[in-house]
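# Summary of structural features
In case you want the letters, here they are:
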Amino acid sequence: AVSSGQPAKPIRTRMLTFPSFLFSLWLLVASNSSSRKVRRPGSRRDDGLEESSSSDGRLGRRRYDRSGTKRSPTSGNPKKNQRRSKQHSKPENHPIRLPETTGPDGVRPTYFTCRHTYEEILMKEIQETFGKIPISSPAPGLVECLQSDNIPTLFDPVYALQSLPECVVVSADSIKGISDAIIQDESLLSDIVQTQLREAPRASLAIHGLVPGMFKGQPNPAMGNRAEKVAENLSKALKKSYGAARNQRSDDGVVESDTGGERWLLQILLFAPNLAAASLVKCESLTTRNYWPNWHLPAGMAKVDITDRTMPSSAYRKLMEALECLRIRPHPSTTAFAVDLGACPGGWTSVLRCNLDCKVLAIDRSPLDPVLMKDPQVEFIQGDAFTFEPPNVSENGSKQEVWMVSDVIAYPDRILELIERWCGGRWATHLVVTMKFQGTEPSFGDLKASIDLAKSLGYDCRAKHFFNNKNEVTLMLIQDQAGDCASYPLEPEVLGTPMYKALLPNR
């Protein structure tokens, strides 16, 4: 009811208030929608990229063209484009190129593994040795040579971590199918090879299952489990016919040195779940326990991380890789000791002292890590690494086992002088020295000169670019007449462990 003194409020005023609010909201939405550019799927953006539609109809940037090349913006904010170019300055991983299966009298490629991003240098090293042969990199950390006849079976490049000589490429859908195809391949297991395997010592055949992700050091690479199962299948099948694939019997009374050092290696590289390359070869004995191709480490890679204590620097991994490659260590005696030239901050000294229980004479202009400076088994001498002369040196050289190690920063000519001084005076029985290069390319001339110099002075020398090396190479030298101290074995897991599982027979 409305009193007669107050006129009623018009109803139309209340009815117009609510629709006006909706009308204003509609105008706002319409204005925002009209300011946007409507693009068709596949149309070009202002910044040079294309729009693409996904399966559910949403729009998104097409970052790659049909050839697989990544697009880069052609306009837009210059600072933003500059940041993008810096973020993508590293080389992109190229896709894996699958090999063709090996037919009768077909090409048997040879593969070499290396630290990824060093494929070009490895290819350059091979071509400088054998000329312009067909060579390429089908995957990161992998180099393929198609004319294997031009390359010796046991060729050992400096920049190769492992080799897979004269492979056959087989295809099958199942794990058993792949292993059966490998065993039944007559070019891989010829009559001659079968006879040699039957005559090979017991427990002399190792089997490595490989996949491309291993060459980048991936902890759990794709297809790794499948490659491992293929290796296990091959091991079971080969044990039926070849004693080399069987474990050593406890009643044989045979020790490792009685086998004559003979080793065989079967490697399976899985390119795809149904495509594998297989290589079977009798390894070359480089030292008492050092073989090529690498018999102990799949892909030639050792896990060399120390986690139980804080290390002075990360450079310690290079020394550990070198010792894992040599498969020997300083003799655990009171007379053997090591000299670390350019020791600061103490990464290499820490490995020698704490992992190998070795006395260390550390030479540097700067002191070591405080923990090492307090160690009674570490003697620090402040001085120049290039002028230091070890104690107890006679005219005929050292009368005891001495390991000289050096990761000093110096140009190759200084390292050559260091090798000539120590090897010429026969001051050390073993040397592990890194040779660092200027710029981004190695000097193969300086490498060859150092190897030739060492051999002329009575030392075996092997140069290797390990996974933890950068623009440098590790030189490993052993005196020809080092005697028993040259063959003291490196016990398993004292330093590193294989980064990936290897099927090694129990010896």
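Now for a description of the structure that goes with this document. Just so it is clear, the structure is predicted and the values come from calculations on it, not from any experiment. (Residues numbered from 1 in each chain as written. Predicted model: local features only at pLDDT ≥ 70, side-chain atom pairs only at ≥ 80, totals over all residues. Heavy atoms only, no water.)

## Here we look at unusual backbone geometry
Following Trp292, the chain continues into Pro293 via a peptide bond in cis, with omega recorded as -5°. Counting through the fold element by element, Pro293 comes out in the loop between β12 (291-292) and β13 (302-303). Of the consecutive residues Cys344 and Pro345, the connecting peptide bond is found in the cis state with omega at 5°. Take Pro345: it is sitting in the loop between β14 (337-341) and α8 (347-355). The backbone of Arg327 sits at a positive phi, close to 65°, despite the residue not being glycine. With respect to the element layout, Arg327 can be found in the loop between α7 (316-326) and β14. Among the residues examined, Arg327 registers a relative accessible area of 14% and is labelled buried. Phi is positive for Arg426, which is not a glycine, with a value near 50°. Counting through the fold element by element, Arg426 comes out in the loop between α10 (412-424) and β20 (430-436). (Helix = DSSP H or I, 4+ residues; strand = E, 2+ residues; numbered from the N terminus. Buried < 20%, exposed > 50% of the residue type's maximum accessible area, 1.4 Å probe, protein only.)

## What to know about the packing of aromatic side chains
Following the criterion strictly, the structure yields six aromatic pairs and no others. On the basis of an interplanar angle of 85° and a centroid distance of 6.1 Å, the ring pair of Phe112 and Phe155 is categorised as edge-to-face. With Phe112 in strand β3 (residues 110-113) and Phe155 in the loop between β5 (142-145) and β6 (162-164), the pair connects residues that are 43 residues apart, well separated along the chain. Overall, the relative accessible area of 1% leaves Phe112 in the buried class. The exposure class of Phe155 is buried, given its relative accessible area of 14%. Ring centres of Tyr118 and Tyr159 lie 6.2 Å apart, and the angle between their planes is 20°; this geometry places the pair in the stacked category. In this pair, Tyr118 is assigned in the loop between β3 and α3 (119-130) and Tyr159 in the loop between β5 and β6, connecting sequence segments 41 residues apart. (Phe/Tyr/Trp six-rings, centres within 6.5 Å; stacked < 30°, edge-to-face > 60°.)

## Some thoughts on the sheet that holds β6
Two strands in a sheet stick together by hydrogen bonds in their backbones, pointing the same way (parallel) or opposite ways (antiparallel). If you trace the four strands from one edge of the open sheet to the other, you get β4-β5-β3-β6, paired in antiparallel fashion. This sheet does not close on itself; its edge strands, each paired only once, are β4 (135-139) and β6. Taking each pair of neighbouring strands and ignoring which way they run, the sheet shows an average axis angle of 25°. Of the pairings in the sheet, the one linking β4 to β5 comprises three bridges and is antiparallel in character. Note on β5: the bridge partner recorded for Ser136 is Glu144. (Pairing = 2+ DSSP bridges. Axes fitted to C-alpha atoms, helices over the stretch in contact; angles between N-to-C directions.)

## As for the packing of α7 against α8
Angle between the axes and distance between the axes: these two values describe a pair of packed helices. Their axes nearest at 7 Å, the elements α7 and α8 cross at an angle of 50°. By the angle class used here, α7 and α8 are oblique. Where α7 crosses over α8, the two elements pack in a sense that is right-handed. Here Tyr316, Lys318, Leu319 and Met320 of α7 come into contact with α8, specifically with Gly347, Trp348, Val351 and Leu352. The class makeup of the residues in the contact of α7 with α8 is six nonpolar, one polar and one charged. (Parallel < 35°, antiparallel > 145°, perpendicular 65-115°, else oblique. Left-handed = near helix turned anticlockwise from the far one by under 90°. Contact = heavy atoms within 4.5 Å. Nonpolar A, V, L, I, M, F, W, Y, C, P; charged D, E, K, R; others polar.)

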